[in-house]
Amino acid sequence: QVLLVESGGGLVQAGGSLRLSCAASGRTLSRYPRGWFRQGPGKEREFVAAISINAGSTYYADSVKGRFTISRDNAKNTVYLQMNSLKPEDTAVYYCAAGGPLTTASVRTSDYRSWGQGTQVTISS
């Protein structure tokens, strides 16, 4: 069984930065695409960023493009989300996920089979 554990969330002021990490244990996830999603208060879970197996392809939601960067270290089975220029509307629980088509990285929640428990990110204005 795959276990994903997020870390790095917290409370920061608008304009600040955070770096989220998602470590995987159990069966290696280095062979799977990885994604980050978030769910704000009263909102549905939405796509944030995704990265292919070899990190050759990355995808971002328009709302975070140019501010967030997804990366991965397959040797450590870990994926990262560097978040800069944070805004109050980035406030949400952030989830990492693994799975989806092996030749790319999906932006669809339904394509991912393994999920972390989430980490809270709160941005104050």
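In what follows, the structure referred to is the one given above.
Residues numbered from 1 in each chain as written. Predicted model: local features only at pLDDT ≥ 70, side-chain atom pairs only at ≥ 80, totals over all residues. Heavy atoms only, no water.

Undergrad: Looking at this structure, how should I read the sheet that holds strand β7 (residues 68–73)?
TA: Whenever strands of a sheet pair, they do so through backbone hydrogen bonds, lying parallel or antiparallel. One open sheet holds the four strands; their spatial order is β1-β3-β8-β7, and the pairing between them is antiparallel. Strands at the two margins of the open sheet, each flanked by one partner only, are β1 (3–7) and β7. Adjacent strand axes in the sheet meet at a mean angle of 15 degrees, parallel and antiparallel pairs treated alike. When β1 meets strand β3 (residues 18–25), the two strands line up antiparallel, connected through five bridges. Each residue of the ladder has a partner; that of Ser7, found in β3, is Ser21. (Pairing = 2+ DSSP bridges. Helix = DSSP H or I, 4+ residues; strand = E, 2+ residues; numbered from the N terminus. Axes fitted to C-alpha atoms, helices over the stretch in contact; angles between N-to-C directions.)

Undergrad: Teacher, can you tell me more about the state of the cysteines here?
TA: Each disulfide consists of a covalent bond between the sulfur atoms of two cysteine residues. Applying the stated criterion across every chain, the model contains one disulfide. A disulfide bridge connects Cys22 with Cys96, and the sulfur atoms are separated by 1.9 Å. As the torsion about the S-S bond is roughly 45 degrees, the Cys22-Cys96 disulfide counts as right-handed. Here Cys22 is found in strand β3, whereas its partner Cys96 is found in strand β9 (residues 92–99), with 74 residues between them in sequence. We note that Cys22, like Cys96, is buried. (Disulfide = S-S within 2.5 Å. Buried < 20%, exposed > 50% of the residue type's maximum accessible area, 1.4 Å probe, protein only.)

Undergrad: Any chance you could explain the environment of Leu102 here in plain terms?
TA: Relative to the assigned elements, Leu102 resides in the loop between β9 and β10 (112–115). When its relative accessible area of 52% is taken as the criterion, Leu102 is described as exposed. Non-local contacts of Leu102, meaning those with residues more than four positions away in its chain, are made with Arg31, Tyr32, Pro33 and Ile53. (Contact = heavy atoms within 4.5 Å.)

Undergrad: In this structure, what is going on with the nonpolar core? I would like to understand it.
TA: Formed by 31 residues in total, the largest nonpolar core has its most connected members in Trp36, Val48, Phe68, Leu81, Met83 and Tyr94. Those elements that place two or more of their residues in this core are β3, β4 (34–39), β5 (46–51), β7, β8 (78–83), β9 and β11 (119–124). (Core = buried A, V, L, I, M, F, W, Y, C linked by side-chain atoms within 4.5 Å.)

Undergrad: Whenever I open this one, the packing of aromatic side chains confuses me. Can you help?
TA: Each aromatic ring pair is summarised here by two numbers: the centre-to-centre distance and the angle between the ring planes. Inspection of every chain in the model, using the stated rule, returns four aromatic pairs. Aromatic side chains Phe37 and Phe47 sit 5.7 Å apart centroid to centroid with 75 degrees between the ring planes, which places their arrangement in the edge-to-face category. Remark: Phe47 occurs in strand β5 and Phe37 occurs in strand β4; sequence separation between them is 10 residues. Of the two residues, Phe37 and Phe47, neither departs from the other in class, the shared state being buried. Judged by centre distance (5.1 Å) and plane angle (55 degrees), the ring pair of Phe37 and Trp115 falls under tilted. Of this pair, Phe37 sits in strand β4 while Trp115 sits in strand β10; the two residues are 78 residues apart in sequence, bridging distant segments of the chain. The ring of Tyr80 has Arg19 sitting right over it, with the charged end atom 4.0 Å from the ring centre. The ring of Tyr95 is capped by Arg45, whose NZ or CZ atom sits 3.7 Å from the centre of that ring. (Phe/Tyr/Trp six-rings, centres within 6.5 Å; stacked < 30°, edge-to-face > 60°. Lys NZ or Arg CZ within 6 Å of the ring centre and 35° of its normal.)

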